[in-house]
Amino acid sequence: MTELQGKVAIVTGGSKGIGAAITRELASQGVKVAVNYNSSKESAEAIVNEIRENGGSAIAVQADVSYADQAKHLVEETKAAFGQLDILVNNAGITRDRSFKKLGEEDWKKVIDVNLHSVYNTTSAALGDLVEAEAGRIINISSIIGQAGGFGQTNYAAAKAGMVGFTKSLALELAKTNVTVNAICPGFIETEMVMAIPEEVRANIVAKIPKRRFGQVNEIARGVVYLVKDGAYITGQQLNINGGLYM
Ligand code: NAP
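Residues numbered from 1 in each chain as written. Predicted model: local features only at pLDDT ≥ 70, side-chain atom pairs only at ≥ 80, totals over all residues. Heavy atoms only, no water.

Turning next to the overall build of the chain. The helix and strand tally for the chain stands at nine helices and seven strands. Scaling as 2.2 N^0.38, a compact globule of 247 residues should have a C-alpha radius of gyration of about 18 Å, and the chain matches this with 17 Å. Along the longest, intermediate and shortest principal axes, the C-alpha atoms of the chain span 45 × 35 × 35 Å. Residue burial in the chain is summarised as follows: out of 247 residues, 49% are buried. In the chain, the share of contacts with a sequence separation of at least 24, taken over all contacts with a separation of at least 6, comes to 73%. Once the 25 positive and 26 negative side-chain charges of the chain are each reduced to a mean point, those two points are 5 Å apart. (Helix = DSSP H or I, 4+ residues; strand = E, 2+ residues; numbered from the N terminus. Rg over C-alpha atoms; globule rule 2.2 N^0.38 Å. Buried < 20%, exposed > 50% of the residue type's maximum accessible area, 1.4 Å probe, protein only. Contact = heavy atoms within 4.5 Å. Lys, Arg positive; Asp, Glu negative; His and termini not counted. Charge placed at Lys NZ, Arg CZ, Asp CG, Glu CD.)

Take the side chain of Asn90 next. Inspection of the secondary structure assignment puts Asn90 in strand 4 (residues 87-90). Looking at Asn90, its side chain comes within polar contact range of the side chain of Asn140, at 2.8 Å. Apart from residues lying up to four places away in sequence, Asn90 is in contact with Thr12, Val119, Thr122, Thr123, Ile138, Ile139, Asn140, Ile141 and Met163. (Polar contact = N/O pair within 3.5 Å; in protein donor to acceptor, adjacent residues only side chain to side chain.)

To continue, consider the pattern of salt bridges. For the coordinates displayed, the defined rule picks out nine salt bridges. Glu105 serves as the salt-bridge partner of Lys109, at 3.3 Å between the closest nitrogen and oxygen. Placement of the pair is Lys109 and Glu105 together in helix 4 (residues 105-132), with a separation of four residues, close to one helical turn. In this structure Lys109 comes out as partly exposed when scored by relative accessible area, which is 45%. With a closest N to O distance of 2.8 Å, Glu219 and Arg213 form a salt bridge. You can call Arg213 partly exposed: its relative accessible area is 39%. If you follow the salt bridges from partner to partner, you end up with Arg96, Arg98 and Asp107 in one network. (Salt bridge = Lys/Arg side-chain N within 4 Å of Asp/Glu carboxyl O.)

Once that is clear, we can look at the site of the ligand. The environment of the ligand is formed by 29 residues, the closest being Ile18, Ser40, Asp64, Asn91 and Tyr156. In the complex, the protein chains occlude 91% of the 890 Å² of accessible area that the ligand would expose alone. Elements with a contribution of two residues or more to the shell around the ligand: helix 1 (17-28), strand 2 (32-37), helix 6 (154-174) and helix 7 (192-195). Taken together, the residues of the shell around the ligand sort by class into 14 nonpolar, 12 polar and three charged. (Near = heavy atom within 4 Å. Areas by Shrake-Rupley, 256 points an atom, 1.4 Å probe, with all protein chains shown as cover. Nonpolar A, V, L, I, M, F, W, Y, C, P; charged D, E, K, R; others polar.)

Bringing the UniProt feature "domain: Ketoreductase" (unreviewed entry) in the chain into the picture now. According to UniProt, the positions carrying the feature "domain: Ketoreductase" (unreviewed entry) are residues 7-187. Helix and strand shares over residues 7-187 are 52% and 17% respectively, and the end C-alpha atoms of the span are 28 Å apart. (UniProt positions renumbered as here; feature names shortened; annotations may be inferred.)

Turning our attention to the layout of surface pockets. Quantified by volume, the largest pocket comes out at close to 1400 Å³. As for the largest pocket, its lining consists of 48 residues, and the residues nearest its centre are Gly93, Ile94, Thr95, Tyr156 and Met193. Where the lining of the largest pocket is concerned, the elements lending two or more residues are helix 1, strand 2, helix 4, helix 5 (144-148), helix 6 and helix 7. Here the residues of the lining of the largest pocket are counted per class, giving 20 nonpolar, 21 polar and seven charged. Quantified by volume, the second largest pocket comes out at close to 230 Å³. Taken together, 14 residues line the second largest pocket, and the ones lying closest to its centre are Ala27, Ser28, Ile51, Gly55 and Gly56. When contributions to the lining of the second largest pocket are tallied by element, the ones reaching two or more residues are helix 1 and helix 2 (41-53). (1 Å grid on protein atoms, 1.4 Å probe; cavity = no way out; pocket = protein on both sides within 12 Å on 5 of 7 lines; lining within 4 Å. Points joined across faces, edges and corners; volume = space filled by probe spheres on them.)

Across five bridges, strand 2 lies against strand 3 (residues 58-62) in parallel orientation. Across the sheet, the residue bridging to Tyr37 is Gln62, located in strand 3. In this fold, the crossover linking strand 2 to strand 3 by way of helix 2 has right-handed handedness. (Pairing = 2+ DSSP bridges. Right-handed = clockwise from strand over helix to strand, strands pointing away.)

This next bit is on helix 2. Taking 1.5 Å of rise per residue, 13 residues should cover 18 Å, and helix 2 covers 18 Å from first to last C-alpha, within 8% of that figure. Lining the buried residues of helix 2 we find helix 1, strand 2 and strand 3. Residue Gly55 follows helix 2 closely and has a positive phi angle near 90 degrees. (Expected span 1.5 Å × (residues − 1).)

Bringing the nonpolar core into the picture now. Judged by nonpolar contacts, the single largest core of 32 residues is most densely connected at Ile22, Leu26, Val89, Ile184 and Val224. When contributions to this core are tallied by element, the ones reaching two or more residues are strand 1 (8-11), helix 1, strand 2, helix 2, strand 4, strand 5 (137-141) and helix 9 (217-230). With sequence-adjacent residues up to four places away left out, Val224 is seen in contact with Ile22, Leu26, Val89, Ile139, Ile141 and Ile184. Counting residues in each nonpolar core, the second largest holds 21 residues, with Ile59, Leu130, Ile138 and Val181 among its members. (Core = buried A, V, L, I, M, F, W, Y, C linked by side-chain atoms within 4.5 Å.)

Here it is, written out as structure tokens:
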């Protein structure tokens, strides 16, 4: 038994990459997890089966969280399955990298909608339950790009920086409740997306990281568990897990 046993979490985009690691880490602590997916039904069902085989509880819920009604559905399905909601991890994200000159309005809007507007949607739908929880937690997976900027990433950087401003403001508003609101800002993490970068370019990136390696998905997931478990007095913060690349 861990102190998180029986708590209930939603992890948006919880079946792949960093989200899958967060799902697994929370489930290993006895947390019941609603694994949200948009298009990756198979990987969502696979991770749910894996958790159940290991004695845990999980459900897969399809929802495009950039739409308010679907985010609401995600929260309702979670409550119907598990009866409560304690933890919301806003992890779903996409990139549509283009230099600003070539960035069309569609790629601007899509990235803002999926990365930032989704946070408004899920938080609005979940807030009432999180405030009622014994220790509600909202964790927004932002990015080093929202802090330092990124070439060809005005849309993504704006969304990720927006998540940080949202986090701080909501943390202030909720400080009188039992809900904490924090952001995690990962650096370069060894996911499919990063490993798809040509080897030479990757080597150049690694050379600039003080710790001289990419981060692992588990290192982000353990940051989430830390904030959930030991974070009662931590709110409005950015937890930088980036090997020292941005300080
Ligand atoms: P990933 O492997 O591409 O996974 C993205 C996840 O987001 C997928 O599970 C995807 O689900 C979900 N998603 C996308 N659009 C969605 C939508 N409209 N509604 C619901 N879910 C949606 O990416 P990742 O590298 O693990 O990144 C996870 C988060 O960490 C993102 O927010 C990303 O910006 C952030 N981040 C990543 C890095 C890195 O180095 N990888 C660094 C800093 C920050 P489906 O497949 O079902 O669509």
